[in-house]
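For reference, the chains in residue letters:
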Number of protein chains: 2
Amino acid sequence: MTDLPDRISLREVGPRDGLQNEEPVPTEAKVELIDALSHTGVGRIEAVSFVHPKAIPQMADADEVWSRVRRAGDVRYSALVPNLRGAERALDAGFTELEVVVSASDTHNRKNVNRSTEESLDDIAKIIDLAHGRGATCQVIVSTAWGCPYEGDVPVERVVGAASRAVRDGADSASFGDTTGMATPPRVTRLVGEFRMANPDTSLNLHFHNTRGTGLANVLAALQLGVADFDASVGGLGGCPYAPGATGNIASEELVHMVEDMGVATGVDLEALIDVAARAETMVGHTLPSQVLRAGPRSRTISP
Amino acid sequence: MTDLPDRISLREVGPRDGLQNEEPVPTEAKVELIDALSHTGVGRIEAVSFVHPKAIPQMADADEVWSRVRRAGDVRYSALVPNLRGAERALDAGFTELEVVVSASDTHNRKNVNRSTEESLDDIAKIIDLAHGRGATCQVIVSTAWGCPYEGDVPVERVVGAASRAVRDGADSASFGDTTGMATPPRVTRLVGEFRMANPDTSLNLHFHNTRGTGLANVLAALQLGVADFDASVGGLGGCPYAPGATGNIASEELVHMVEDMGVATGVDLEALIDVAARAETMVGHTLPSQVLRAGPRSRTISP
């Protein structure tokens, strides 16, 4: 295991991807969550999404949340945008890192946004141009990258094709999302390999779900390929509302706990992160899936 | 990932390790569980333990359970024994595969059986002799192999030393138990490597817990070393009653689901195993941790 990266960059997606898939919480709680995360050592936070309030009421107050957040100088904040209108709102709010999503599965994409994958990629090209015109970066996130709950397997060529098209259209980086937890280690190895062959100079983020228990095994497989950029959600907040059976993001504490013990630095203060996870649990009012929140880090012993 | 084994042997520990750590269920339910598992393709089942009824009331009916089980010809059944008396009971009941446990951590061993690790190893030598004298095999299971909830890290030398002593005393195989889920992939790599250096001809089983989410990542690391013998518990039944914070065994369905998708055969019919996990959940009356029980295998699609 000597080829592991020395360090990974963790993008904390709890405030957006997490809370978007929970019952709505007050604006104040969202601000509190982002502010608390900003002091854990996490280098990047996906803060909000600028979606239509009718589609996703959980993010209706995105502007207000963002205006009230006390931004930390050493944290990069990003916003997810579903379309040109959302991108304009995000840019107007001062975001300099945008994310756009397209599903590699046509059926899944149509269920979400009533368009084909290609039509969404056409829209994404315009959003990238808009972002660049205003000095911001734009990442393309390809969801259902390891399988679609409706279609089953999605051909790797199709997944890489969608990402590559956006890269050609100017996307600054790419991310693959395992929307319903259908990835397994060899599938991670294959997709990462094929993407890199097609896009050797493009930075790659991976976003795993733990729907079938393989989340950290997939992280391990990716680390062994030198991937050093992962999404995770504090406490394991959230999931995908469009994906029946989805049980949500890998927990940030579990990711940090495992990779730090492997000698891979994250910059995160694990105990501080666990404290935030406990607050997030209180915030949403139900047990979160994070095992490390429950058990504590392996270093936490008890008296005999 | 080309050095993976073609096939692994799964020992299903739900009926013993699982049920021993749940509220007691009726004898009939235990028999039903073992009988159902016997028809899933699982090659080995840890059926019961012959412990003192006062210590572990869940296993007070071990003799009756075993006498009522309809043994399948293609399944190997084993029993855990805590001492010579238990070994005699198991052998009298007709078991030909025994397991004995010792904790690598002195503190943990004393908490469990009020003896030092060395004293337990002395006892184990006698149990091995007894088993061999009656034509049975005996596996030594070294618990707290990747850490102790009281002592924290346990030196690898100590863990390998305990296993090696039992191997010298005649143990037919060894198993390392991650009692409270403190293993991470590089720790798996290191312990397996050190054990093999000391005992190149001894068969090795690994028993992981998912207490901190690393269960399947640890399996992946072990597979990459060619380890081909794992414990898992249907539905994720059970845990360790002596280990505060323990959340139990990795779920058999999650293990089978992941490794089969990696091209590693298990012989298990996953859908049949999921059906048994659902019955086990009804049996214990609470939600079990298995994610694949919840979400189904990745191949199970839904209508758009």
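Residues numbered from 1 in each chain as written. Chains lettered and ligands numbered in written order. Predicted model: local features only at pLDDT ≥ 70, side-chain atom pairs only at ≥ 80, totals over all residues. Heavy atoms only, no water.

## A look at the overall build of chain A
Along chain A, the regular secondary structure elements total 12 helices and 8 strands. Scaling as 2.2 N^0.38, a compact globule of 304 residues should have a C-alpha radius of gyration of about 19 Å, and chain A matches this with 18 Å. Here the C-alpha coordinates of chain A stretch approximately 60 × 45 × 35 Å along the principal axes. When each of the 304 residues of chain A is scored for burial, the buried share is 63%. In chain A, the proportion of contacts linking residues at least 24 apart, taken out of those at least 6 apart, comes to 75%. Accessible area of chain A: about 11,000 Å², with a carbon and sulfur share of 47%. Across chain A, the 28 positively charged side chains and the 42 negatively charged ones have centroids separated by 3 Å. (Helix = DSSP H or I, 4+ residues; strand = E, 2+ residues; numbered from the N terminus. Rg over C-alpha atoms; globule rule 2.2 N^0.38 Å. Buried < 20%, exposed > 50% of the residue type's maximum accessible area, 1.4 Å probe, protein only. Contact = heavy atoms within 4.5 Å. Areas by Shrake-Rupley, 256 points an atom, 1.4 Å probe, with all protein chains shown as cover. Lys, Arg positive; Asp, Glu negative; His and termini not counted. Charge placed at Lys NZ, Arg CZ, Asp CG, Glu CD.)

## Some words on the interface of chain B and chain A
Each side of the interface is counted separately: chain B has 44 residues, and chain A has 44 residues. Both sides of the chain B and chain A interface together cover about 3,500 Å² of buried area, and 61% of this is carbon and sulfur. Linking chain B with chain A are 4 salt bridges. Asp153(B) is paired through a salt bridge with Arg298(A); the nearest N and O atoms lie 2.8 Å apart. (Buried area = accessible area lost by both parts, 1.4 Å probe. Salt bridge = Lys/Arg side-chain N within 4 Å of Asp/Glu carboxyl O.)

## Thoughts on the pattern of salt bridges
If charged atoms from side chains of opposite charge come close, those side chains can pair. Residue and element names in this part refer to chain A. Going through the model one piece at a time under the given rule, you end up with 49 salt bridges over all chains. In this structure, the salt-bridge partner of Asp63 is Arg89, at a minimum N-O distance of 3.3 Å. Here the residue Asp63 occupies a position in helix 3 (residues 62-68), and Arg89 occupies one in helix 4 (residues 84-92), the gap between them amounting to 26 residues. Among the residues examined, Asp63 registers a relative accessible area of 36% and is labelled partly exposed. Note that Arg190 is salt-bridged to Glu157, the shortest N-O span being 3.1 Å. Of this pair, Arg190 sits in helix 8 (residues 185-198) while Glu157 sits in helix 7 (residues 156-168), and the two are 33 residues apart along the sequence.

## Things to note about the environment of Thr180(B)
All names here are of chain B. Of note, Thr180 is situated in the loop between strand 6 (173-177) and helix 8 (185-198). For Thr180, a relative accessible area of 2% translates into the label buried. Residues Thr180 and Ser120 lie 60 residues apart in sequence; the distance between their C-alpha atoms is 20 Å.

## Concerning the pairing of strand 2 (residues 44-49) of chain B
Residues and elements named next belong to chain B. The element strand 2 is extensively covered by neighbouring structure, given that 6 of its 6 residues are classed as buried. Sheet topology places strand 1 (residues 9-12) next to strand 2; 2 bridges connect them, and they run parallel. Residue pairing across strands places Glu12 opposite Ile45, the latter belonging to strand 2. In the sheet, strand 2 pairs with strand 3 (residues 76-80) via 5 bridges, with the strands oriented parallel. Across the sheet, residue Ser49 finds its bridge partner in strand 3, namely Leu80. On the question of chirality, the crossover connecting strand 2 to the parallel strand 3 by way of helix 3 (residues 62-68) is right-handed. (Pairing = 2+ DSSP bridges. Right-handed = clockwise from strand over helix to strand, strands pointing away.)

## Considerations on the sheet that holds strand 7 (residues 203-207) of chain B
Residues and elements named next belong to chain B. Here 8 strands make up a closed barrel; going around it, the order is 1-2-3-4-5-6-7-8 and the pairing parallel. Strand-to-strand, the axes of this sheet are offset by a mean angle of 30 degrees, without reference to chain direction. The pairing of strand 5 (residues 137-143) with strand 6 spans 4 bridges and is parallel. For Val140, the partnering residue across the bridge sits in strand 6 and is Ala174. (Axes fitted to C-alpha atoms, helices over the stretch in contact; angles between N-to-C directions.)

## Comments concerning the relation of the copies chain B and chain A
Taken as rigid bodies, chain B and chain A are interconverted by a rotation of 180 degrees and an axial shift of 0.0 Å, the fit giving an RMSD of 0.0 Å. Expressed as an axis order, the relation between the two copies is that of a two-fold axis. It is Ala217(B) whose C-alpha, among those of chain B, lies nearest the rotation axis, at 1.9 Å. A share of 100% of interface residues in chain B that are also interface residues in chain A marks the association as one of identical surfaces. (Least-squares fit on C-alpha atoms with pLDDT ≥ 70 in both.)

## Remarks on empty space enclosed by the protein
Residues and elements named next belong to chain B. For the coordinates displayed, the defined rule picks out 1 cavity of 30 Å³ or more. Looking at the largest cavity, its volume works out to about 40 Å³. Contributing to the lining of the largest cavity are Pro15, Lys30, Ala47, Val48, Gln58, Met59, Asp61, Ala62 and Val65. Grouping the constituent residues of the lining of the largest cavity by class yields 6 nonpolar, 1 polar and 2 charged. (1 Å grid on protein atoms, 1.4 Å probe; cavity = no way out; pocket = protein on both sides within 12 Å on 5 of 7 lines; lining within 4 Å. Points joined across faces, edges and corners; volume = space filled by probe spheres on them. Nonpolar A, V, L, I, M, F, W, Y, C, P; charged D, E, K, R; others polar.)

## Considering the environment of Pro304(B)
Counting through the fold element by element, Pro304(B) comes out in the segment after helix 12 (291-295). Ignoring any residue separated from it by four or fewer positions in sequence, one finds Pro304(B) in contact with Thr107(A), Lys111(A) and Tyr150(A).

## What to know about the pairing of strand 5 (residues 137-143) of chain A
All names here are of chain A. Judged by how many residues are buried, strand 5 sits mostly within the fold: 6 of 7 residues are covered. Inspection of the sheet shows strand 4 (residues 97-103) paired to strand 5 by 7 bridges, in the parallel sense. Paired with Val100 across the two strands is Val140, which belongs to strand 5.

## Considerations on helix 4 (residues 84-92) of chain B
All names here are of chain B. Of the positions making up helix 4, those classed as buried are Gly86, Ala87, Arg89, Ala90 and Leu91. Along its buried surface, helix 4 packs onto helix 3, strand 3, strand 4 (97-103) and helix 6 (117-133). Count one or two residues on from helix 4 and you reach Gly94, which has phi positive near 100 degrees.

## As for the packing of helix 7 of chain A against helix 8 of chain A
Residues and elements named next belong to chain A. One way to put it is that helix 7 packs onto helix 8 with a least axis distance of 10 Å and a crossing angle of 45 degrees. Judged by the inter-axis angle, helix 7 sits oblique to helix 8. Along this stretch, helix 7 crosses helix 8, giving a crossing that reads as right-handed. For the pair helix 7 and helix 8, contact is made by Val156, Glu157, Val159, Val160, Ala163 and Ser164 and by Arg190, Leu191, Glu194, Phe195 and Ala198, respectively. Looking at the contact of helix 7 with helix 8 residue by residue, the class counts come to 7 nonpolar, 1 polar and 3 charged. (Parallel < 35°, antiparallel > 145°, perpendicular 65-115°, else oblique. Left-handed = near helix turned anticlockwise from the far one by under 90°.)

## Some remarks on the packing of aromatic side chains
Each aromatic ring pair is specified by the distance between its two centres and by the angle formed by the two planes. Here the structure, examined in full by the defined rule, presents 12 aromatic pairs over all chains. Summarising the aromatic geometry, the rings of Trp146(A) and Phe208(A) are spaced 5.3 Å apart at their centres and angled 35 degrees between planes, so their arrangement reads as tilted. Here Trp146(A), found in the loop between strand 5 and helix 7, pairs with Phe208(A), found in the loop between strand 7 (203-207) and helix 9 (215-223); they are 62 residues apart in sequence, far enough to count as distant. Exposure remark for Trp146(A): the relative accessible area of 4% places this residue in the buried category. Overall, the relative accessible area of 1% leaves Phe208(A) in the buried class. Residues Trp146(B) and Phe176(B) carry aromatic rings whose centres are separated by 6.2 Å and whose planes lie at 75 degrees to one another, so their mutual orientation is edge-to-face. (Phe/Tyr/Trp six-rings, centres within 6.5 Å; stacked < 30°, edge-to-face > 60°.)

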